[in-house]
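Here's the letter readout for the chains.
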Amino acid sequence: MVFETTAGAIAFLLARVLLGGMLAFTGLNHFMQTDQMSGYAEMKGVPAPTFSVVASGVMLVFGGLSLILGVYPVVGAGALAVFLVVATPKMHDFWNAPEDQQQSEMTAFLKNVGLLGGVLVLLALGGASWPYALDIGLF
C-alpha cells in the first residue's frame, strides 16, 4: 500500500488533519455566522437559505471530522464532494460577478476546485485502511 513508510503515513495524517480541519472549521462558521451567511446565500439565489447554510455546515463538520478521524471516510468525503460540487459554481460564480468582485470570486472558486481535488483523492482511498485512523465504517 501507499503507506508503507512512517513518513508516508505521517504525511497522509497531516494532509487529513489540514484538509479535514479546514473544512470542519468552515462548517463551524456556518453555525457561528448563520445570519450573515444566510443573507449572502439568499442574495445568490439559494433556496431556503438558512436551512441550506445549516445543512451545509453539518456536511462540512461531519465530512471534515470524518477525514481527520478515519470514521466513515467514504461517506464523509462523499458529503464534502457533493457540497463542493454544488456550492462552488453557485456561490462563487465569478463569471456573473460585478467587475470589482470577479477576482475574489474567482480565487474562492479556484480554492474550492483545489479542495474538491483533495477530497476526491481521499474518496478514492476511502476503502483502504488509513494509518493513524480509527478505521470505522470502511467499505
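The shown structure was predicted, so the numbers you read here are calculated from the model rather than taken from an experiment.

Comments concerning the pattern of salt bridges
Part 1 of the reasoning: Summed over the entire model, instances satisfying the criterion amount to 1 salt bridge.
Part 2 of the reasoning: For Lys44, the salt bridge is made with Asp93, and the minimal N-O distance between the two is 2.6 Å. Here the residue Lys44 occupies a position in the loop between helix H2 (34-43) and helix H3 (49-69), and Asp93 occupies one in the loop between helix H4 (73-91) and helix H5 (99-124), the gap between them amounting to 49 residues.
Part 3 of the reasoning: You can call Lys44 buried: its relative accessible area is 16%.
Part 4 of the reasoning: A residue is classified by how much of its surface remains accessible, and Asp93, at 14% relative accessible area, is buried.

Points about the confidence of the model for the chain
Part 1 of the reasoning: Looking at the chain, the pLDDT average stands at 94 and 97% of residues meet or exceed 70.
Part 2 of the reasoning: Summarising per-element confidence for the chain, the mean pLDDT is lowest in H2 (96) and highest in H3 (98).

A look at H2
Helical geometry note: an α-helix holds 3.6 residues per turn, so side chains three or four residues apart project in the same direction.
Part 1 of the reasoning: Within H2, burial applies to Thr34, Ser38 and Ala41. One side of H2 holds all its buried residues, which, seen down the axis, span an arc of 60°. Residues Asp35, Gln36 and Met43 are exposed on H2 and point more than 90 degrees away from its buried face.
Part 2 of the reasoning: On the buried face of H2, the contacting elements are helix H1 (6-32), H3 and H4.
Part 3 of the reasoning: Immediately beyond the C-terminal end of H2, within one or two residues, lies Gly45, with a positive phi of roughly 85°.

Reading guide: rules and limits
- Residues numbered from 1 in each chain as written.
- Predicted model: local features only at pLDDT ≥ 70, side-chain atom pairs only at ≥ 80, totals over all residues.
- Heavy atoms only, no water.
- Salt bridge = Lys/Arg side-chain N within 4 Å of Asp/Glu carboxyl O.
- Helix = DSSP H or I, 4+ residues; strand = E, 2+ residues; numbered from the N terminus.
- Buried < 20%, exposed > 50% of the residue type's maximum accessible area, 1.4 Å probe, protein only.
- pLDDT = per-residue confidence, 0-100.
- Arc of directions from axis to C-beta.
- Contact = heavy atoms within 4.5 Å.

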